[in-house]
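Each chain, written out:
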Amino acid sequence: IGFLCLRCVERIPDLLDEPDDPEDEKSLLPGFLPAPPRWLLAGVLATAAAVCILSLLHALTPPLANELISGELESAKRFFVEGRLADLSTQGGSVRPLLVDLWYLWALTFDGAIGAQLVHWGLGMLLALATVALASPLLGRCWAWLAGSLVVLTPAINQQMSLPTESVALAAFCTLGMAAW
């Protein structure tokens, strides 16, 4: 961000002038955007909360797609049947972190496929909160919550939050890694 500010100062020399209003000074600093309208923030947050509740209810329903159960949870089921972490080289090119497979294993042990769906719903919520953590220093707190809400409202993320697939888990861990960096 420091180099970006230096490049902006070189391109726009008016940034070096003293602002007359203190509010103008805040708007020149990175991460200080004017706050979104309250109605927009409240509407998007309420819609995101409703969508999260609906996706939670969908995650609580038993899965109907046998391909999904046999495909995405195959390594966790194999670990469960064999009683150990066996044959990790034949995961079929999965990009899902092994930690997610272990969480699916615990969920299958205690609650079956619904537990695995709930684990993945939690990873979707983690993705939204990681987006808030990543956007807060860059955009400010209000815009960061708006960004996290928009992540939940994205149709692909919302649909996959209630199914034990690998994409939301991978996105959550990548966003957490970027936020931590």
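Everything discussed here concerns the structure shown above.
Residues numbered from 1 in each chain as written. Predicted model: local features only at pLDDT ≥ 70, side-chain atom pairs only at ≥ 80, totals over all residues. Heavy atoms only, no water.

Caption draft 1: Looking closely at the side chain of His-120. Summarising the element assignment, His-120 is placed in helix H7 (residues 113-139). Of the residues examined, His-120 reaches a relative accessible area of 0% and is grouped as buried. Not counting residues up to four positions away in its chain, the partners in contact with His-120 are Tyr-104, Gln-160, Met-161, Leu-163, Pro-164, Thr-165, Glu-166, Val-168 and Ala-169. (Helix = DSSP H or I, 4+ residues; strand = E, 2+ residues; numbered from the N terminus. Buried < 20%, exposed > 50% of the residue type's maximum accessible area, 1.4 Å probe, protein only. Contact = heavy atoms within 4.5 Å.)

Caption draft 2: Geometry of the packing of helix H3 (residues 38-59) against helix H8 (residues 141-153). For the pair H3 and H8, the least separation of the axes is 9 Å and the interaxial angle reads 35°. In this structure, the crossing between H3 and H8 has a hand that is left-handed. Across from Leu-40, Leu-41, Val-44, Leu-45, Thr-47, Ala-48, Val-51 and Cys-52 in H3, the residues of H8 making contact are Cys-142, Trp-145, Leu-146, Ser-149, Leu-150, Val-152 and Leu-153. In the contact of H3 with H8, the residues fall into 13 nonpolar, two polar and no charged. (Axes fitted to C-alpha atoms, helices over the stretch in contact; angles between N-to-C directions. Left-handed = near helix turned anticlockwise from the far one by under 90°. Nonpolar A, V, L, I, M, F, W, Y, C, P; charged D, E, K, R; others polar.)

Caption draft 3: Here's a closer look at a nonpolar patch on the surface. Where nonpolar side chains cluster on the molecular surface, the patch consists of Ile-53, Leu-54, Leu-57 and Leu-60 and spans about 390 Å² of accessible area. Turning to its location among the elements, Leu-57 is positioned in helix H3. What makes Leu-57 partly exposed here is its relative accessible area of 48%. (Patch = residues over 30% accessible without salt bridge, like charges linked within 9 Å, V, L, I, M, F, W, Y side chains within 5 Å. Areas by Shrake-Rupley, 256 points an atom, 1.4 Å probe, with all protein chains shown as cover. Salt bridge = Lys/Arg side-chain N within 4 Å of Asp/Glu carboxyl O.)

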